[in-house]
Amino acid sequence: MEQNQCCHHQHGHTECIRIVPIFNHLEDSQMDLIAESAKTLHLQKGEMLFRAGEEDDTLYIINSGKARIYRLSDSGKEQLVRILNPGDFTGEVAIFQPGSVHENYAEALQNTSICLIKREDLLKYLVEYPQIPLKILSEVTIRLKDSEKQTTQVAIENVESRIISFLAENVEKGSGNSPTVTLPMSKKDLASYLGTTPETISRKFTTLEELGLIKQLPKKKIKIMDLDQLLLHTE
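Residues numbered from 1 in each chain as written. Predicted model: local features only at pLDDT ≥ 70, side-chain atom pairs only at ≥ 80, totals over all residues. Heavy atoms only, no water.

Taking an unreviewed UniProt entry as the reference, the chain is identified by name as Crp/Fnr family transcriptional regulator belonging to Niallia hominis.

Pasting the structure below:
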């Protein structure tokens, strides 16, 4: 792995600790203490954070940039698990299951800065601040719900319904009935996430555009002409 690892000044780590929900409820002095155990890793676009089969003994927090978590099927086909944005974390399994290995792959989608905290360093904070494991459990529960929903959608709904549900879920609150959505991933990754092919995604977007329900804009932006009408189209 061609990773540029460096132990930055504590300020950078504190920033990282502050943006993640599992820590940002702590007092400043407590966050500073945790930041002392953190290291910073810089990845270029396309570099791997970890691979399946490697030892899983670290909590990774995205400080800036973006990464994707994916797994490979027995046939070698990629299946997107989720996209990590600033404040998101992965590696929580390592905290509760010593000796575990990664089942997924993590790749930087752009130049990305990541904070790392080793399991042995984190354990002492979990004992000292019991609200941290409760926060981790809460975040993991949300992920589990999302994963179950995704599995159900792929099994039951047609591709068009899945796309519409995905667009609706990515509408920012308070943006009205005619919002513009920025796709958080490429069409290739979206296809993987929704259990279809990039060609089908493109075809369905074109169909929805021809129906006057959406307008495709540059830079992965989708203008929803009428959100109510779009949601009615799924029925």
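Counting 24 residues, the largest nonpolar core has I163, L167, L190, F205, I214 and L230 as its most contacted members. Among the secondary structure elements, those contributing two or more residues to this core are β6 (78-84), α6 (159-169), α7 (187-194), α8 (198-210), β12 (221-224) and α9 (227-232). Every residue in contact with I214, bar those within four places of it in the chain, is listed here: L167, F205, L208, E209, I222, K223, M225 and L230. In terms of nonpolar packing, the next biggest core, distinct from the first, is built from 22 residues, C115, I117, Y125 and I136 among them. (Core = buried A, V, L, I, M, F, W, Y, C linked by side-chain atoms within 4.5 Å. Buried < 20%, exposed > 50% of the residue type's maximum accessible area, 1.4 Å probe, protein only. Helix = DSSP H or I, 4+ residues; strand = E, 2+ residues; numbered from the N terminus. Contact = heavy atoms within 4.5 Å.)

This next bit is on the environment of S165. Examined against the element boundaries, S165 turns out to sit in helix α6. Along the backbone, S165 and L230 are 65 residues apart, and their C-alpha atoms lie at a distance of 9.4 Å.

Paired through backbone hydrogen bonds, the strands of a sheet run either parallel or antiparallel to each other. Read from one edge of the open sheet, 4 strands run β3-β8-β5-β6, paired in antiparallel fashion. Looking at strand neighbours, the two that pair on one side only are β3 (48-50) and β6, the edges of this open sheet. Ignoring which end each strand starts from, the neighbouring axes of this sheet average 30 degrees apart. Pairing geometry for strand β5 (residues 67-72) and β6, over 6 bridges, is antiparallel. If you follow A67 over to β6, its bridge partner there is L84. Here α7 sits on the sheet and contacts β5 and β6; the angle it forms with β6, its principal contact strand, is near 110 degrees. (Pairing = 2+ DSSP bridges. Axes fitted to C-alpha atoms, helices over the stretch in contact; angles between N-to-C directions.)

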